[in-house]
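Below, each chain spelled out in residue letters.
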Amino acid sequence: MASGDSLLQWSMLSNEPPTTAFATPDLRNLHPVLDFAPTPDEEAVFSGVMPQHYTAAASVVVFIHYAMSTATTGDIVLDAQFERVGDGSQDIDADGFAAVQSLTVVGVPATSGNVDIVSITFTSAQADAIAKGEGFRLKIRRDGDNVADTAAGDLELRWVELREA
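Right, let's walk through the structure included here. (Residues numbered from 1 in each chain as written. Predicted model: local features only at pLDDT ≥ 70, side-chain atom pairs only at ≥ 80, totals over all residues. Heavy atoms only, no water.)

### Things to note about the sheet that holds strand β7 (residues 101-105)
So, point 1. Reading across the sheet, the 4 strands line up as β4-β9-β6-β7 and stay open at both edges, with antiparallel pairing between neighbours. Taken across any chain shown, the strands that pair with only one partner, and hence form the sheet edges, are β4 (42-49) and β7. On average, each strand axis in the sheet is tilted by 20° relative to the strand beside it, whichever way the strands run.
So, point 2. As defined by bridge partners, strand β6 (residues 76-85) adjoins strand β9 (residues 135-142) across 8 bridges and the pair is classed as antiparallel. Residue D79 lies in a different strand from β9, and its bridge partner there is R141. (Pairing = 2+ DSSP bridges. Helix = DSSP H or I, 4+ residues; strand = E, 2+ residues; numbered from the N terminus. Axes fitted to C-alpha atoms, helices over the stretch in contact; angles between N-to-C directions.)

### Let's talk about the packing of aromatic side chains
So, point 1. Enumeration over the complete set of coordinates arrives at 4 aromatic pairs.
So, point 2. Look at F82 and F122: their rings are 4.8 Å apart centre to centre, the planes differ by 85°, and that puts the pair in the edge-to-face class. Taken together, the positions of F82 in strand β6 and F122 in strand β8 (residues 116-122) put the pair 40 residues apart, joining distant regions of the chain.
So, point 3. Chaining the aromatic ring pairs together yields one cluster made of W10, F46, F82, F122 and F136.
So, point 4. In this arrangement the basic side chain of R163 is found over the ring face of F63, its NZ or CZ atom lying 3.9 Å from the centre. (Phe/Tyr/Trp six-rings, centres within 6.5 Å; stacked < 30°, edge-to-face > 60°. Lys NZ or Arg CZ within 6 Å of the ring centre and 35° of its normal.)

### Describing the pattern of salt bridges
So, point 1. The full count for this structure, using the stated rule, is 9 salt bridges.
So, point 2. The shortest N-O distance in the salt bridge between E156 and R28 comes to 2.8 Å. A residue pair is termed long-range when its members are at least 10 positions apart, and E156 in strand β10 (residues 155-164) and R28 in strand β2 (residues 24-28) qualify at 128 residues.
So, point 3. The class for E156 is buried, based on a relative accessible area of 5%.
So, point 4. Given a relative accessible area of 26%, R28 falls into the partly exposed group.
So, point 5. In this structure, the salt-bridge partner of E43 is R141, at a minimum N-O distance of 2.6 Å. Remark: R141 occurs in strand β9 and E43 occurs in strand β4; sequence separation between them is 98 residues. For the pair E43 and R141, a shared accessibility class is recorded, and that class is buried.
So, point 6. A cluster of three or more residues bridged by salt bridges with shared partners is formed by E43, D79, K139 and R141. (Salt bridge = Lys/Arg side-chain N within 4 Å of Asp/Glu carboxyl O. Buried < 20%, exposed > 50% of the residue type's maximum accessible area, 1.4 Å probe, protein only.)

### Side note on the pairing of strand β3 (residues 31-36)
So, point 1. Of the pairings in the sheet, the one linking β2 to β3 comprises 5 bridges and is antiparallel in character. Of the residues in β3, the one forming a bridge with L27 is P32.
So, point 2. Counted between consecutive antiparallel strands, the loop separating β2 from β3 contains 2 residues, among which N29 sits at a positive phi close to 50°.
So, point 3. The pairing of β3 with β10 spans 3 bridges and is antiparallel. When the bridges of β10 are listed, F36 appears paired with L155.

### Some details on the nonpolar core
Most often, soluble globular proteins keep nonpolar side chains buried together rather than apart.
So, point 1. If you look at the biggest cluster of nonpolar residues, it comprises 36 residues, and the most contacted ones within it are V62, I76, F82, F136, L138 and L162.
So, point 2. Counting residues per element, the ones that place at least two in this core are β1 (6-11), β3, β4, β5 (60-68), β6, β8, β9 and β10.
So, point 3. Take this core: its biggest share by element is 5 residues, from β5.
So, point 4. Ignoring sequence-local partners within four residues, the contact set of L162 consists of S6, L7, L8, W10, M50, V60, V61, V62, F82 and F136. (Core = buried A, V, L, I, M, F, W, Y, C linked by side-chain atoms within 4.5 Å. Contact = heavy atoms within 4.5 Å.)

Below you can see the structure in the form of structure tokens.
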């Protein structure tokens, strides 16, 4: 496996929404999206098993493919965090997400509906030390109450991709 190769991809249809403050399913021209309102902060959760070809020596990068429902100006703040659900590492009766890693996207696409692809890089420790063959969850949140999040309207999540750095 070469550096930068894709490990996993999720569409919005793979979302396992939390019980509260969840992004809502929607359609945009028959494209399924998850709408993240600016307030309150909303989340989506994606589960997976780290592929056997993952080297665990490198960082991982989360790529977020999104569009804005109406905004053509402003900035957004996105958070992501991992939860290792490996062999004896997590009681699934409780959450155990590692620390949040944040990204401020300066300047949303100038055309509503145009897809932008942004990324957040995690060290192995920041990704909760997930090993190959272990289960995990990835939480994506729009931090809309952050003062740096100035774009109006919903963020529309289309895909998420995990790559080895």
